[in-house]
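So the chains spell out like this:
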Amino acid sequence: MKSLLRQSRGLLVFALLTLNTMVWFTPLFLLALVKLLIPIAGVRRGLTRALMAIGENWISVNAIILSPIGSRHWVPGDLPELRRDGWYLVVSNHQTWVDIVVLQTVFNRRIPFLKFFIKQELIWFPLLGIAWWALDMPFMKRYSPSYLAKHPEKKGHDLEATRRACEKFQHTPTSVINFVEGTRFSEDKREKRQSPFRRLLAPRAGGIAIALNSMGELFDGVVDVTIAYDGSTPTFWDMCCGQQVGARLHVALRELDASLFKGDYAGDREYRREVHRWLTQLWSDKDDRLEAMLADAS
């Protein structure tokens, strides 16, 4: 009976989240079409702000839906001074789809609407794929080494597409978030990739380097987020079913060195090394912090 009630609650919450998405999807899609058809820059910037407001309302209602079922127990700690009219590069460790819900809720209306780097294939995800397109999420198409070996002319196309996506954000305050590990963490992946870190996968610098090249001088800083969960890592379905999701966040605002703004990541070896050194140090500090946060919880 407990299992049946749990699953029923999960279905109800998922249905409410889906309904909320459908409610906001219609105005989002219509405004995005208008923006696509009108070439006037000032009008398009105004429509972009309206689209971001719709996205923020969608997140707020999602948070209200999740609150009564006891799934939200998120402690963001002492947040640094952040602005809604700033530009931020947000980096975080990644363990579960719940990370996205946590980050969206904690930072909603504290910084500009979060723009995620999304795999190109997810544009076909029902409703959300079109919503992500309407919200100017940067879609990334990754080519495997075997594909590039057969089609060398495609080398660099994925990074160029990311660059074009980031250039859209230069005229409207934006928060660009990148899960630089490239996928969700698991112990199996850590071992297969021979990660040098205890709690993290090794970071991938390509996407974040393009964001720095395209927008570096605009960024007010790096919002460095470390997420630790109490107990086992929750799934999105666990959260819908009412499982208590205890998430603790450490958030720090870090300055960006000007040397990271300019360089050719694909063609400049020294610049590539500089980005890797910076990101590896950031990740090493995050690994130590995550280890300490988990030790405090045990």
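Here, the structure is the one placed above.
Residues numbered from 1 in each chain as written. Predicted model: local features only at pLDDT ≥ 70, side-chain atom pairs only at ≥ 80, totals over all residues. Heavy atoms only, no water.

1. Observations concerning the packing of helix 2 (residues 41-66) against helix 3 (residues 98-107)
Then step 1. Between helix 2 and helix 3, the least distance of the axes is 10 Å, while the angle of their chain directions is 110 degrees. Taken together, the axis directions place helix 2 and helix 3 in an arrangement best described as roughly perpendicular. Both helix 2 and helix 3 take part in a crossing whose hand is left-handed. Within the contact between the two elements, helix 2 uses W58, I59, A63 and L66 and helix 3 uses V101, Q104 and T105.
Then step 2. For the contact of helix 2 with helix 3, a count of residues per class yields five nonpolar, two polar and no charged. (Axes fitted to C-alpha atoms, helices over the stretch in contact; angles between N-to-C directions. Helix = DSSP H or I, 4+ residues; strand = E, 2+ residues; numbered from the N terminus. Parallel < 35°, antiparallel > 145°, perpendicular 65-115°, else oblique. Left-handed = near helix turned anticlockwise from the far one by under 90°. Contact = heavy atoms within 4.5 Å. Nonpolar A, V, L, I, M, F, W, Y, C, P; charged D, E, K, R; others polar.)

2. Here's the deal with the pairing of strand 2 (residues 88-92)
Then step 1. In terms of burial, strand 2 is a largely internal element, five of the five residues being buried.
Then step 2. Side-chain alternation along strand 2 places Y88, V90 and S92 on one buried face and L89 and V91 on a second face that is also buried.
Then step 3. Pairing analysis gives four bridges linking strand 2 to strand 6 (residues 175-178), with the strands arranged parallel. What sits directly across from V90, in strand 6, is I177.
Then step 4. The pairing of strand 2 with strand 7 (residues 222-229) spans four bridges and is classified as parallel. Bridging across to strand 7, L89 finds its partner in V222. (Buried < 20%, exposed > 50% of the residue type's maximum accessible area, 1.4 Å probe, protein only. Pairing = 2+ DSSP bridges.)

3. Here we look at the packing of aromatic side chains
Then step 1. Throughout the structure, instances matching the rule amount to two aromatic pairs.
Then step 2. Relative to F179, the ring of F116 has its centre 6.1 Å away and its plane inclined at 35 degrees; by these criteria the two rings are tilted. In this pair, F116 is assigned in strand 3 (residues 114-116) and F179 in the loop between strand 6 and helix 7 (187-192), connecting sequence segments 63 residues apart.
Then step 3. We classify F179 as buried; its relative accessible area is 14%. (Phe/Tyr/Trp six-rings, centres within 6.5 Å; stacked < 30°, edge-to-face > 60°.)

4. A look at the nonpolar core
If you look at soluble globular proteins, the nonpolar side chains tend to sit buried side by side.
Then step 1. F107 and V225 are the most contacted members of the largest nonpolar core, which totals 46 residues.
Then step 2. Ranked by size, the runner-up nonpolar core spans 32 residues in total, among them L89, F169, A211 and L290. (Core = buried A, V, L, I, M, F, W, Y, C linked by side-chain atoms within 4.5 Å.)

5. Comments concerning the packing of helix 1 (residues 2-37) against helix 2
In a packed pair of helices, the relevant descriptors are the angle between the two axes and the axis-to-axis distance.
Then step 1. At a minimum axis separation of 10 Å, helix 1 and helix 2 run at an interaxial angle of 180 degrees. Here helix 1 is positioned roughly antiparallel relative to helix 2, judged by the angle of their axes.
Then step 2. Residue composition of the contact of helix 1 with helix 2, grouped by class: 18 nonpolar, five polar and two charged.

6. Describing the pattern of salt bridges
Then step 1. Counted by the stated rule, this structure contains 19 salt bridges.
Then step 2. E187 serves as the salt-bridge partner of R190, at 2.7 Å between the closest nitrogen and oxygen. With R190 and E187 both in helix 7 and three residues apart, the pair spans about one turn of that helix.
Then step 3. Note on E187: relative accessible area 37%, which makes it partly exposed.
Then step 4. A salt bridge links R199 to E291; its shortest N-O distance comes to 2.9 Å. Taken together, the residues R199 in the loop between helix 7 and helix 8 (206-215) and E291 in helix 10 (residues 269-297) connect sequence positions 92 residues apart.
Then step 5. By relative accessible area, R199 is classed as partly exposed at 34%.
Then step 6. For E291, a relative accessible area of 26% gives the class partly exposed.
Then step 7. One salt-bridge network, held together by shared partners, links D224, R254, K286 and R289. (Salt bridge = Lys/Arg side-chain N within 4 Å of Asp/Glu carboxyl O.)

7. A word on helix 8
Then step 1. Counted residue by residue, helix 8 has 10 buried out of 10 residues, so it is predominantly covered.
Then step 2. Looking only at helix 8, the buried set comprises G206, G207, I208, A209, I210, A211, L212, N213, S214 and M215.

8. With respect to helix 1
Then step 1. Here helix 1 contains 36 residues, and its C-alpha end-to-end distance of 52 Å stays within 8% of the 52 Å for a straight helix at 1.5 Å per residue.
Then step 2. At F25, helix 1 shows its largest kink, close to 35 degrees, and the proline P27 lies no more than four residues downstream.
Then step 3. Of all the residues in helix 1, the buried ones are G10, V13, L17, N20, T21, F25, L28, A32 and K35.
Then step 4. Summarising the contacts, the buried residues of helix 1 are in contact with helix 2, helix 4 (128-134) and helix 9 (236-240). (Expected span 1.5 Å × (residues − 1). Bend = angle between axes of the 7 residues up to and from the residue.)

9. Describing a positive patch on the surface
Then step 1. Together, K119, R184, R193 and R204 make up a region of like positive charge exposed at the surface.
Then step 2. Within the fold, R193 resides in the loop between helix 7 and helix 8. (Patch = residues over 30% accessible without salt bridge, like charges linked within 9 Å, V, L, I, M, F, W, Y side chains within 5 Å. Areas by Shrake-Rupley, 256 points an atom, 1.4 Å probe, with all protein chains shown as cover. Lys, Arg positive; Asp, Glu negative; His and termini not counted. Charge placed at Lys NZ, Arg CZ, Asp CG, Glu CD.)

10. A few points about the side chain of S92
Then step 1. Examined against the element boundaries, S92 turns out to sit in strand 2.
Then step 2. Its relative accessible area of 0% is what places S92 among the buried residues.
Then step 3. Every residue in contact with S92, bar those within four places of it in the chain, is listed here: L103, N178, F179, V180, E181, V225, I227, W283 and K286.

So yeah, pure geometry; function would need other evidence.
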